[in-house]
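This is what each chain is made of:
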Amino acid sequence: MATKAKLKKESEETISIKPREQKKPMLMEIAWEVCNQVGGIYTVIRSKVPSMVEEWGENYCLVGPYFPNTAMIEFEPIADLDESPFGKTVKKMQEMGFDAHYGRWLVTGKPKIVLLDFKALLKNTNDYKFKLWERHQISTLNAEPLVDQVIALGEMIRVFLTEFGETYGYKNDIVAHFHEWMAATALIDIRTDNVPISTVFTTHATMLGRYIAGNEADFYEKLSGYDWDIEAKNYGIEAQAKIERLAAQKSHVLTTVSDVTAKECEVFFGRTCDLILPNGLNVTRFAATHEFQNLHMKYKEKIHQFVMGHFFQSYSWDLDNTLYFFTSGRYEFRNKGYDLTLEALKRLNFKLVQAGIDTTVVMFIITKNPVHSIDPEVLQSRAVMEEIRQTCESIEKQIGEHLFHASASNDDPNLPDLNEFVDEYWRLRLRRTIQTWKTKKLPHTVTHLLKQPDDITDYLKETNLLNHEQDRVKFVYHPDFISPTNPLFGMEYSQFVRGCHLGVFPSYYEPWGYTPLECVVRGIPTVTSDLSGFGDFIMQLMKDYDNVGVYVVNRKTKNFDKAADQLAEILYKFVTMNRRDRIMQRNRVENISEIFDWTNLRSYYDTAHDLALKRKGVTRM
Ligand code: G6P
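Residues numbered from 1 in each chain as written. Predicted model: local features only at pLDDT ≥ 70, side-chain atom pairs only at ≥ 80, totals over all residues. Heavy atoms only, no water.

Another point: the pairing of strand β11 (residues 360-366). Of all seven residues making up β11, seven are buried, and the element is well covered by its neighbours. Note that strand β10 (residues 322-328) and β11 share seven bridges and pair parallel. When the bridges of β11 are listed, L323 appears paired with V361. As a crossover connection, the stretch from β10 through helix α14 (residues 338-355) into β11 is right-handed. In this sheet, strand β14 (residues 473-478) lies alongside β11 in parallel orientation, the contact comprising six bridges. If you follow I366 over to β14, its bridge partner there is H478. (Buried < 20%, exposed > 50% of the residue type's maximum accessible area, 1.4 Å probe, protein only. Helix = DSSP H or I, 4+ residues; strand = E, 2+ residues; numbered from the N terminus. Pairing = 2+ DSSP bridges. Right-handed = clockwise from strand over helix to strand, strands pointing away.)

Shown next as structure tokens:
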């Protein structure tokens, strides 16, 4: 009888409740690299903004840390806090004494953004750390200072989200999408507190994977046997690894960027990823399809200038028969496959010399390692070459003027002897400048004075790859990123990519890998590996990828030696291609760029957010 009554009461209640007015969902993306460029996650988030704004409009907001120097450039505050739940929540936080900022991120798409200044909270870090230990058994003893900052920011994000829920109404749908462990302590807290917000956690790598792969051979063979706890202790990253693991376990939806990293997640997080969210870019395609080919020629000419200034002081060769290869990225010798690239280039050099092929390959290695300065000799050589150019321009002008006068005043239709038009001063000046420039020394393999030798310089030295005249492969190791203010290249990185012929990125550990994708969208062929997320993705997507201009080194199945052979063979075939085939291959690679545009790849994110909304209320752990 009692049961019946209860049921009746419930149904009456149900009938009396009016269907609530569900507002549109709100989406917040939260990351350490929002308005704060550290590495690739900044690129993911920033490039994705326009298509996120297109889908979510004013219901989309990014949340990140406040750093005055970056904020000054990329952030525009909204002076009068608007009536949106974001604005109201920030106002509330300010009233509570927090230093929270609300405005627009000055990037394409101009999204709303909340930046949280956690500086004032750093003095309480010990309390937060104690809470982390007490509530989640996360030990932060001896953790790096970044962990303190992450925890302080996490506390502010927790308050922000909780207050946001109050302001907007928890009955409404709210999705909080967290990227990386650096933003994830708040996720752990709101899930433990049962705050009814749908959560997505995306890890763009695993902390343990990055550390172990960089230090141990056979990472992939041993992967399934690693004990995350023991390894975290081994590498002194217990705090980071545990925050990451717990965030992964507690989120409604766990995602990563590739199948390759999904395997690591299973082992290190003890949870299978729900979805893979591949990385895209904002692809600009030109209305005139040949335009990107013209840009290749334009920027190749700029690289020619560098090469002349750098090498021709010692010896010269035919620049029209020269190919520019490059690799770039963070300085992780093994993970980025710099070791394999160097080994393959050594073999390529040998093959080219043996086969008597006269094409020259200049290999640029662009990364960042501590340096004192640019090598003054490298700068000097470049400066003297500029002097030669100016002298030549003066001579050209003098000849031009004299020739015009002579032609106008002469009846003889034949071309006069041009030598006569150059006076002694310019002849001598040119001769002297050339003489002071020319040297018997070998061209430098490194453009900067490194604070200390590294694996790259050691390798070049050991293998005698020191830019000898007879070498067909020359090396330019530039241990600093390229920027327009850098006097050696004086161009943007993207322009440099356009000017090259091939990007070489056969990584060993690479959850995604933007570098080869950056080549593809500019119509430049590239080498990747099947251990990189991008390589794995392209292999799943199409069969004839190498014909298209995306070469994949099979590092999953080949050992170092065999992989180096495969890469050397790929490079050799590329060198022996003729210009026409290169142009056609550039067209083919540029043609697939649209696949990677965020307008297409955003749908993966949409699915993750839908799934998180469906799982709202699901309690994990
Ligand atoms: C662009 C231009 C071509 C030029 C070529 C050089 O594609 O449109 O006219 O010949 O660059 O190609 P290469 O592969 O030799 O740098």
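Our next topic: the environment of E386. Relative to the helices and strands, E386 resides in helix α15 (residues 376-409). Take E386: its relative accessible area is 23%, and that puts it in the partly exposed class. Separated by 77 residues in sequence, E386 and G309 have C-alpha atoms that sit 8.0 Å apart. Separated by 3.0 Å, the side chains of E386 and R389 make a polar contact. (Polar contact = N/O pair within 3.5 Å; in protein donor to acceptor, adjacent residues only side chain to side chain.)

At a minimum axis distance of 10 Å, the contact between helix α5 (residues 125-136) and helix α6 (residues 145-168) shows a crossing angle of 80°. Comparing the axis directions of α5 and α6 gives the class roughly perpendicular. Note on element contacts: α6 touches α5 through D148, I151, A152 and E155, opposite T125, Y128, K129, K131 and L132. Grouping the amino acids of the contact of α5 with α6 by side-chain chemistry returns four nonpolar, one polar and four charged. (Axes fitted to C-alpha atoms, helices over the stretch in contact; angles between N-to-C directions. Parallel < 35°, antiparallel > 145°, perpendicular 65-115°, else oblique. Contact = heavy atoms within 4.5 Å. Nonpolar A, V, L, I, M, F, W, Y, C, P; charged D, E, K, R; others polar.)

A sheet is described by the order of its strands in space; here six strands give the open sequence β14-β11-β10-β15-β16-β17, paired in parallel fashion. With partners counted over all chains shown, the strands left at the sheet margins are β14 and β17 (550-553), one partner each. Strand-to-strand, the axes of this sheet are offset by a mean angle of 25°, without reference to chain direction. Where strand β15 (residues 502-504) and strand β16 (residues 526-529) come together, two bridges link them in parallel fashion. Bridging from a neighbouring strand, G503 pairs with T526 of β16. Running at roughly 95° to β14, helix α13 (residues 291-311) makes contact with β10, β11 and β14 of the sheet. Packing against the sheet, helix α22 (residues 560-575) makes contact with β10, β11, β15, β16 and β17, and its axis sits at approximately 160° to β17.

Moving on: the environment of T327. Tracing the backbone shows T327 in strand β10. By relative accessible area, which is 2% here, T327 ends up buried. Apart from the residues lying within four places of it in its own chain, the contact partners of T327 are Y338, M363, F364, I365, I366, V504 and F505.

The next thing to look at is the site of the ligand. The environment of the ligand is formed by H290, Q293, N294, H296, M297, K300, H501, R579, R582, I583 and R586. Side-chain polar atom of H296 to an oxygen atom of the ligand: 2.6 Å apart, as the coordinates give it. Here an oxygen atom of the ligand and a side-chain polar atom of H501 are 2.7 Å apart. In isolation the ligand exposes 390 Å². Once the protein is present, 86% of that is buried. At the level of elements, α13 and α23 (579-591) are the ones that each hand at least two residues to the shell around the ligand. It is α13 that provides the largest number of residues to the shell around the ligand, a total of five residues. Taken together, the residues of the shell around the ligand break down into two nonpolar, five polar and four charged. (Near = heavy atom within 4 Å. Areas by Shrake-Rupley, 256 points an atom, 1.4 Å probe, with all protein chains shown as cover.)

Right, let's talk about the sheet that holds strand β6 (residues 174-179) for a bit. Taken in spatial order, the nine strands make up an open sheet running β3-β4-β5-β2-β1-β6-β7-β8-β9, and their pairing is mixed. Each edge of the open sheet carries a strand with a single partner, namely β3 (75-77) and β9 (275-276). As paired strands, strand β2 (residues 60-65) and strand β5 (residues 112-117) are joined by five bridges and run parallel to one another. Considered in β5, the bridge of P65 is made with L116. Along the sheet, helix α2 (residues 40-56) contacts β1 (26-30), β2, β4 (99-105) and β6; its crossing angle with β2, the most-contacted strand, is approximately 155°.

Inspection of the secondary structure assignment puts A120 in the loop between β5 and α5. Residue A120 is classed as partly exposed on the basis of its relative accessible area of 48%. Spatially, the C-alpha atoms of A120 and P278 are 37 Å apart, while their sequence positions differ by 158 residues.

Right, let's talk about the pattern of salt bridges for a bit. Counted according to the given criterion, the structure contains 35 salt bridges. Residue R347 pairs with D561 through a salt bridge whose shortest N-O separation is 2.8 Å. Highlighted residues: R347 in helix α14 and D561 in helix α22, separated in sequence by 214 residues. Take R347: its relative accessible area is 18%, and that puts it in the buried class. (Salt bridge = Lys/Arg side-chain N within 4 Å of Asp/Glu carboxyl O.)

Taken as a whole, the protein shows an average pLDDT of 93; of its residues, 95% reach a score of 70 or greater. With pLDDT under 50 throughout, residues 1-20 is counted as low confidence; its partners more than four residues away or in other chains account for two contacts. Confidence metrics for the complex model read pTM 0.87 and ipTM 0.91. (pLDDT = per-residue confidence, 0-100.)

Taken N-terminus to C-terminus, the directions of α14 and helix α17 (residues 455-462) make an angle of 20°; their axes are 11 Å apart at the nearest point. On the basis of their axis angle, the class for α14 and α17 is roughly parallel. Crossing of α14 against α17: the hand is right-handed. Residues Y338, L342, E343 and K346 of α14 touch α17, and the partners they reach there are I456, Y459 and L460. Its residues assigned to classes, the contact of α14 with α17 shows five nonpolar, no polar and two charged. (Left-handed = near helix turned anticlockwise from the far one by under 90°.)

Let's shift gears to the side chain of D597. Looking at the element boundaries, D597 is found in the loop between α23 and α24 (598-614). In this structure D597 comes out as buried when scored by relative accessible area, which is 9%. Filtering out sequence-adjacent residues up to four positions away, D597 remains in contact with L281, N282 and V283.

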